[in-house]
Amino acid sequence: MKTIVIAYLAAGIAFLIVDAIWLMAMAETLYRPLLGDKLETSFKLAPAICFYLIYVAGIVYFAVLPAIEDGRLAKAALNGAMLGLVAYATYDLTNQATLRDWPLALTLADIPWGVFVTTVGASAGFVVASRFA
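Residues numbered from 1 in each chain as written. Predicted model: local features only at pLDDT ≥ 70, side-chain atom pairs only at ≥ 80, totals over all residues. Heavy atoms only, no water.

Undergrad: Requested: an account of the overall build of the chain, with residues and values cited.
TA: From N to C terminus, the chain includes four helices and zero strands. Of the regular secondary structure in the chain, the N- to C-terminal order runs α-α-α-α. Rg of the C-alpha trace for the chain: 16 Å, near the compact-globule value of 14 Å for 133 residues, within the 12% margin. When the backbone C-alpha atoms are referred to their principal axes, the chain occupies close to 45 × 25 × 20 Å. Split into buried and exposed, the 133 residues of the chain put 37% on the buried side. Sequence separation of 24 or more characterises 76% of the internal contacts of the chain that already satisfy a separation of 6 or more. Carbon and sulfur atoms make up 73% of the accessible area of the chain, which amounts to about 7,800 Å² in all. Averaging the positions of the 8 positive and the 9 negative side-chain charges in the chain gives two centres separated by 7 Å. (Helix = DSSP H or I, 4+ residues; strand = E, 2+ residues; numbered from the N terminus. Rg over C-alpha atoms; globule rule 2.2 N^0.38 Å. Buried < 20%, exposed > 50% of the residue type's maximum accessible area, 1.4 Å probe, protein only. Contact = heavy atoms within 4.5 Å. Areas by Shrake-Rupley, 256 points an atom, 1.4 Å probe, with all protein chains shown as cover. Lys, Arg positive; Asp, Glu negative; His and termini not counted. Charge placed at Lys NZ, Arg CZ, Asp CG, Glu CD.)

Take a look at the structure:
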């Protein structure tokens, strides 16, 4: 249980920091120009918290714990990348298929971002849990 808690905290902190940097940097240069008035005027904290809590649990379960069993950082990174690809592609491509004005440019930026940030979270979770658990 200690390993899971440490992995969860490490993956969560890494994911949140890197994602926050991306969102702050890209809000006005990518999201606002492409989505315009579709964006909320103010940030909704409760859904964001729910997303991060659930998604980090997925990172730990699907990427970090299997990698800890194997003792390989590469497995955490690969599993994290695959989870990011599946999750972000599901979101973006579903929006692309169902929403009238979903920009292709956003899909093309967001999917690689999801791969990267999930890989970072999974790798951090593995490294910290491997050292301190």
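Undergrad: How would you summarise the environment of Thr107 if you had to cite specific residues and measurements?
TA: Mapping Thr107 onto the fold places it in helix H4 (residues 104–132). In this structure Thr107 comes out as buried when scored by relative accessible area, which is 4%. Once residues lying within four places of it in the same chain are set aside, the contact partners of Thr107 are Asp92, Leu93, Gln96, Trp102 and Pro112.

Undergrad: Describe the pattern of salt bridges, with residues and values.
TA: Following the criterion strictly, the structure yields four salt bridges and no others. One salt-bridge network, in which partners are shared between bridges, spans Asp70, Arg72 and Lys75. (Salt bridge = Lys/Arg side-chain N within 4 Å of Asp/Glu carboxyl O.)

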